[in-house]
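# Inside the fold
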Amino acid sequence: MISEAKLVNHDVLPTLRDQLVQRYLAATNQRHGIYILHWLPPEQWTSNSRKHADQQVLLDDMRRRAAEVAPQFDVSAYLLDVSWPKRR
């Protein structure tokens, strides 16, 4: 099993198929992978990109993309909330 992890402000949408599936799984003749998105809310991003401001929409899209590579590849997508603590 191979895993790929990206911070949400990275261009995460093409990397599931292009990196995890094609570059890592297919190249090594493996079929199981895990795609992990490290989530920060847009106000905590250090870049100006606001492509993926809604975590549920992004996760749904990533799971749809994972389903598109099935049955040849079995990829699961997860979102890990790594938000900084809110100041009081």
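On a predicted model such as this, the values are computed, not experimentally measured, just so you know. Each chain carries its own residue numbering, running from 1 in the written order of its sequence. The predicted nature of this model means local features are confined to residues of pLDDT at least 70 and side-chain atom pairs, given and counted, to a pLDDT of 80 or more, with totals for whole chains, interfaces and linings taken over all residues. To obtain the side-chain values, all non-hydrogen atoms of the structure were used and water was disregarded.

### Some thoughts on the pattern of salt bridges
- Salt bridges are defined as contacts in which a side-chain nitrogen from Lys or Arg sits within 4 Å of a carboxyl oxygen from Asp or Glu. Enumeration according to the criterion identifies five salt bridges in this entry.
- Where Glu-68 meets Arg-17, a salt bridge forms, and the shortest distance between an N and an O atom there is 3.7 Å. Placement of Glu-68 in helix α2 (residues 55-68) and of Arg-17 in helix α1 (residues 15-25) is noted, with a sequence separation of 51 residues between them.
- Burial classes: relative accessible area under 20% of the type maximum marks a residue as buried, over 50% as exposed, and values in between as partly exposed (1.4 Å probe, protein chains only). According to the relative accessible area criterion, Glu-68 is partly exposed, its value standing at 43%.
- In this structure, Arg-64 and Glu-68 form a salt bridge, with 2.5 Å as the shortest nitrogen-oxygen distance. Taken together, the residues Arg-64 and Glu-68, both in helix α2 and four residues apart, mark about one turn of the helix.
- A single salt-bridge network, built from bridges that share partners, covers Arg-17, Asp-61, Arg-64, Arg-65 and Glu-68. Starting at the N terminus, helices and strands are each numbered in turn, a helix being any DSSP run of H or I of at least four residues and a strand any DSSP run of E of at least two.

### Side note on the sheet that holds strand β1 (residues 2-7)
- In short, DSSP must find at least two bridges between two strands for them to pair. Across the sheet, three strands lie side by side as β1-β2-β3; this open sheet has parallel pairing. Two strands close off the open sheet at either side, each with one partner strand: β1 and β3 (74-81). Averaged over all neighbouring strand pairs, the angle between strand axes comes to 20°, with direction disregarded.
- Here strand β2 (residues 32-39) runs beside β3; their pairing, made up of eight bridges, is parallel. Counted as the bridge partner of Leu-37 is Leu-79 from β3.
- Whether two residues are in contact is decided by their heavy atoms, any of which lying within 4.5 Å being enough. Only C-alpha atoms enter the line fits that serve as axes; for helices the fit covers just the stretch in contact. Angles between N-to-C directions range over 0 to 180 degrees. Contacts from α1 reach β1, β2 and β3 within the one sheet, and its direction differs from that of β1 by about 150°.

### Digging into unusual backbone geometry
- A cis amide bond, omega 0°, links Ala-70 with the succeeding residue Pro-71.
- Tracing the chain through its elements places Pro-71 in the loop between α2 and β3.
- Positive phi outside glycine occurs at Asn-29, with the angle close to 55°.
- With respect to the helices and strands, the residue Asn-29 is situated in the loop between α1 and β2.

### A few points about a nonpolar patch on the surface
- Nonpolar side chains (Val, Leu, Ile, Met, Phe, Trp, Tyr) are joined into patches within 5 Å and like charges within 9 Å, using only residues with over 30% relative accessible area and no salt bridge. In this description, accessible areas are obtained by the Shrake-Rupley approach with a 1.4 Å probe, and a residue is regarded as covered only by the protein chains that are shown. On the surface, Leu-7, Leu-80 and Val-82 cluster together to form a nonpolar patch covering roughly 210 Å² of accessible area.
- For Leu-80, the location among the structural elements is in strand β3.
- Among the residues examined, Leu-80 registers a relative accessible area of 44% and is labelled partly exposed.

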